[in-house]
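Now for the letters of each chain:
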Amino acid sequence: MMACRSLVLLAAAFLIALLPDGATAQDPSLAAWRSYAKTPEAAKLMIWMHEALDARLSGKMPPRMDAAYPVFHGELGVFVTLVKKNRVRGCYGAFDHPDTRMDRLLDDYLLGALRRDHRYPALETGEAGGVAVILTIAGCRLPVRDIADVDLSRYGVLATFEDGSHDVVVPAEIRGIDALRRRWKGKEIAQLDIFPAVTLK
């Protein structure tokens, strides 16, 4: 937690939002996932994610996960996004987790993307074909005044509104700044944070 606070202070002082590589350099846990994303083990993990999706849509338990992954103690955000025909059909996850065992956590967030994200039309039984399962690993949140100069293919956004509600948007959901502004139309934004993200597909 102290590391995140230090990174936030550094971001505020040096406008780190304009320097995408700087954020990951300060976050070795996220850097490990960035390297992992290019490995055969990451491909095995994403195959398991698709198998788990097929199982859950059929009302079954997912198979055992045997893919290795970087050491995880709950210090990073984890989000699962489902996309079909270029439309998001669910996204669920958190920065703070009820479990640090990755197989149980991913299965829970996959179920969340399927059934607990009411922003998007839910996938139904028989719709598993052609669904892209996307895993986002998120680093520390960094406050910014504006996202106009942020690389939204590498950073997600957390918007906090005046009424106390929040909206977390990972890169896999973002269709450009204009789309975000339409999404938040009519809401008073109290704070904007960005977070560096590693995307696995």
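Residues numbered from 1 in each chain as written. Predicted model: local features only at pLDDT ≥ 70, side-chain atom pairs only at ≥ 80, totals over all residues. Heavy atoms only, no water.

1. Digging into the overall build of the protein
Helix and strand content of the protein: 6 helices and 7 strands. Each helix and strand of the protein, placed in order from N terminus to C terminus, yields the pattern α-α-α-α-β-β-α-β-β-β-β-α-β. Per-residue burial for the protein yields a buried fraction of 49% across its 201 residues. Long-range pairs, those at least 24 residues apart, make up 71% of the contacts in the protein with a sequence separation of at least 6. Roughly 10,500 Å² of accessible area belongs to the protein as shown, and the carbon and sulfur atoms make up 53% of that amount. (Helix = DSSP H or I, 4+ residues; strand = E, 2+ residues; numbered from the N terminus. Buried < 20%, exposed > 50% of the residue type's maximum accessible area, 1.4 Å probe, protein only. Contact = heavy atoms within 4.5 Å. Areas by Shrake-Rupley, 256 points an atom, 1.4 Å probe, with all protein chains shown as cover.)

2. Here's the deal with the side chain of D27
Secondary-structure assignment places D27 in the loop between α2 (20-25) and α3 (28-36). Within the buried core, D27 has no salt-bridge partner, and the shortest N-O distance to an opposite charge, that of R34, equals 8.4 Å. With near-sequence residues (within four places) excluded, D27 lies in contact with L76, G139 and C140. (Lys, Arg positive; Asp, Glu negative; His and termini not counted. Salt bridge = Lys/Arg side-chain N within 4 Å of Asp/Glu carboxyl O.)

3. Let's talk about the packing of aromatic side chains
Enumeration according to the criterion identifies 6 aromatic pairs in this entry. Ring centres of F79 and F95 lie 5.3 Å apart, and the angle between their planes is 75°; on these two criteria the pair is classed as edge-to-face. Within this pair, whereas F79 is found in strand β1 (residues 77-84), its partner F95 is found in the loop between β2 (87-94) and α5 (102-115), the two being separated by 16 residues in sequence. Just as F79 is buried, F95 falls in that class too. Each ring, one from F161 and one from W184, has its centre 6.4 Å from the other, and the planes form 70°; the classification is edge-to-face. You can see F161 sitting in strand β5 (residues 155-161) and its partner W184 sitting in the loop between α6 (177-183) and β7 (189-200), a full 23 residues away along the chain. Of the residues examined, F161 reaches a relative accessible area of 4% and is grouped as buried. (Phe/Tyr/Trp six-rings, centres within 6.5 Å; stacked < 30°, edge-to-face > 60°.)

4. Focus on the confidence of the model for the protein
The predicted model of the protein has a mean per-residue pLDDT of 88, with 87% of residues at 70 or higher. Segment residues 1-25 is flagged for pLDDT under 50; beyond a separation of four residues in sequence, or across chains, it makes 29 contacts in the model. (pLDDT = per-residue confidence, 0-100.)

5. Quick word on α3
Listed as buried for α3 are L30, W33 and Y36. Buried residues of α3 fall within an arc of 115° about the axis and therefore sit on the same side. In α3, the exposed positions that point more than 90 degrees away from the buried face belong to P28 and S35. (Arc of directions from axis to C-beta.)

6. Quick word on the side chain of T81
Along the chain, T81 turns up in strand β1. Judged by its relative accessible area of 0%, T81 falls in the buried class. Residues in contact with T81, not counting those within four places in the same chain, are V88, G90, C91, A132, V133, I134, V170, A172 and E173.

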